[in-house]
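Residue-level listing of the chains:
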Amino acid sequence: MTNYRDLKEYSVTEINGVLDRLRQTYDLVQLVDIEECRVLEVQPDGSIRYGQECFRIWNRSMRCANCSGYTACMTHVAMDKVEHVHGDRQEAHSIPIYLKMLNGELELCVLDCIKLCGHEDGEEDDLRNDNMDYISTHDVLTRLYTQEKLFREIRCKLLAEPEAAFLMVMGNIRNFRLVNKLYGIEGGNRILVGVADLLREECTHEEVYGRYRDDRFVLLVKKSKFDEATFLGHLQRASRLVESPIYSISIQLGVYEIADANMPIATMLDHADLALNAIRHERQTLISWYEPGMTARKLKDQRIIEDFEAAMCNRDFHIYLQPQVRSDGAIRGAEALVRWVRDGQIVPPMEFLGVLHQSELLSHLDAYVWEMAAELLHRWKGTPLQDLYVSINVDPSDFYYFDVPEHLKGLCEKYGLDTHKLRVEITETALVDDAERQSRIVETLHDAGFIVEIDDFGKGSSSLSMLKDIHADVLKIDMGFIRGKSNLYRSRIILASVIDMAEQLEMGVITEGVETREQVDRLSDMGCENFQGFFFSRPIPVEDFETVALQNLGKRG
């Protein structure tokens, strides 16, 4: 494959001469902007004029399904293509090049050199072209419109009925990745086809619908025909596509009422997608309507993403430490929690962690926090704080970006740390997901000397079976497990049993979220010896923690 740097480069002042020389050999020579499939015409002054869409030269209604120019630009390798247009055979040689603009910028485009090769059997060729047109406009799996065709049909519908009120509806299958894990790709495909069949059954010629991407479907419908009760019935029908005690399919809808028919289709879909995202974590709510504030939230999220790299370089992310203590208040260590100091203000973690997770940036932040924790432990060596440990959080997604055990071992080697000083917190849900793989990871961490804590124990649905297979060292029990007034007696019995079970499994227990002395005393009576929560301390800056910890050690001395 040709490297970017190896592509031929032509300036706008020389390209027309190149084209003229090629026209002595080929019947048609053209430059094409691969993004929007438009022919480029370089003017005498070096400026660019965009001409007609390339696919119209091939007598197509939209981009060719087997576009050699697109493939050439994506692979950086020259490609050949044969087209049959009304019985005429046409051969194209597509060469990816860089076009150097007057301002020095390089634009990737394709140089198409086309030969007309005479007439062939027109009927067979036209049939072949009809099939290619269908393939290029319909998703192979679901036989619904592809994104490009969907956009064009939506635009045509809006132009045809400018006075009508339309809704843009986007549907999404919740936890679709779990479907693929449970039933394989083939099982997931059957569900996608089932949803497509439901759309075909329920929609008329007045609606426009198609598969947008992955497990998302789009429907343009008149507002007068959208009845929530009816659509909830359709969603109920869709839920019966899978009959399993393990998984039940759930489809949620985001709805945007089109205020301006001239708005780009992509923006309309963004609005419907924002409405959908507003309920993605809710199980009972199936339909959500777009509200203007959602756009402001998206812009805010976008700014977080844009500012992230600079914030990392400027070390605007800090670790705060929340003490982990015995019932008498003696500090044993702390959990490292990240805080973003932005423009002199602390950004609440809930405002950026979810955004970074969705943008696949969270692993970069986690690695940064791990290193800060290792630096801190190194700084404590040879001081009164050297016996304290620091617990770091590992997100489930981190395992897909890092060899976590090797990465953490590397940090301990870099800073000369005993591995048991850098504790590793993994959420229960992360361990349940792909338990066999996670069990191997935990064993590897153990072999390296790390202490593994299971965070949020009791929140998941498979806690006990997970403990059978994964040999962690510490259970962190969330106090939310026994909060509230209902079933409090039963909750306490279960909690006492969990603490007793952990002792028999030779596991430590930390109860987090404790807020009162009464809770500490009750849990101590149950056998819990270690605590974390606001009763003892909120997460605090490192300097404040060090001051408190030194005072704590002095009192014990």
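Predicted, not measured: the structure shown is a model, and the values here were computed from it.

**Q** Looking at this model, I keep getting lost on the sheet that holds strand β9 (residues 208–213). Mind explaining?
**A** Neighbouring strands of a sheet are bound in pairs by backbone hydrogen bonds; such pairs are parallel or else antiparallel. Taken together, the five strands give an open sheet; going across it, the order is β9-β10-β8-β11-β12, and neighbouring strands pair in mixed fashion. Where the open sheet ends on each side, the last strands, each with one partner, are β9 and β12 (287–289). Here the average twist between neighbouring strands, direction ignored, is 25°. Here strand β11 (residues 251–257) pairs with β12 via three bridges, running parallel. In the strand pairing of β12, V255 is matched with W289. Helix α7 (residues 228–239) contacts β10 (216–222), β11 and β12 of the sheet and is inclined by roughly 135° relative to β12.

**Q** Whenever I open this one, the pairing of strand β8 (residues 166–173) confuses me. Can you help?
**A** The element β8 is largely enclosed, with a buried count of eight among its eight residues. Residue alternation in β8 divides its side chains into two sets, F166, M168, M170 and N172 and L167, V169, G171 and I173, and both sets are buried. In this structure, β8 lies alongside β10, joined through seven bridges in antiparallel fashion. Within β10, the residue paired with M170 across the bridge is V218. Direction of pairing for β8 relative to β11: antiparallel, over a ladder of seven bridges.

**Q** Looking at this structure, how should I read the packing of aromatic side chains?
**A** Any aromatic ring pair is given by two values, namely how distant the centres are and how the planes are angled relative to each other. One pass over the structure, following the stated rule, counts 13 aromatic pairs. In this structure, R342 is placed above the aromatic ring of W340, and the distance from its NZ or CZ to the ring centre is 4.9 Å.

**Q** Where do I start with the pattern of salt bridges in this structure?
**A** Two side chains bearing opposite charge may form a pair once their charged atoms approach each other closely. Applying the stated rule across the entire model yields 29 salt bridges. In this structure, the salt-bridge partner of D328 is R326, at a minimum N-O distance of 3.4 Å. Its relative accessible area of 56% is what places D328 among the exposed residues. Under the relative-accessibility criterion, R326 is labelled partly exposed at 34%. The partner of K476 in a salt bridge is E425, and the shortest N-O contact between them spans 2.8 Å. Taken as a pair, K476 in strand β19 (residues 474–478) and E425 in strand β17 (residues 422–427) lie far apart in primary sequence, 51 residues in all.

The rules behind the values
- Here the residue numbers are simple positions, counted from 1 along each chain's written sequence.
- Given that the model is predicted, a residue must reach a pLDDT of at least 70 before its local features are reported, and side-chain atom pairs must reach 80 or more before they are shown or counted; all residues, however, enter totals for whole chains, interfaces and linings.
- Values shown for side chains rest on all heavy atoms present in the structure; no hydrogens or waters enter the calculation.
- When DSSP locates at least two bridges between a pair of strands, those strands are taken to pair.
- By the criteria applied, helices consist of DSSP H or I runs no shorter than four residues and strands consist of E runs no shorter than two, each listed in order from the N terminus.
- A fitted line through C-alpha atoms serves as each axis, taken over the contacting stretch for helices, and the angle formed by two N-to-C directions is quoted from 0 to 180°.
- In what follows, residue pairs with any heavy atoms lying within 4.5 Å of each other are defined as contacts.
- Throughout, exposure labels follow a simple rule: accessible area from a 1.4 Å probe, protein chains only, divided by the maximum for the residue type, with under 20% read as buried, over 50% as exposed, and the rest as partly exposed.
- Working definition: a ring pair exists when centres of Phe, Tyr or Trp rings (six-membered ring for Trp) sit within 6.5 Å. Plane angles under 30 degrees give stacked, over 60 give edge-to-face, the rest tilted.
- Any Lys NZ or Arg CZ that is within 6 Å of a ring centre and within 35 degrees of that ring's normal is treated as a charge sitting over the ring.
- Salt bridges are identified by distance alone: a Lys or Arg side-chain nitrogen within 4 Å of an Asp or Glu carboxyl oxygen.

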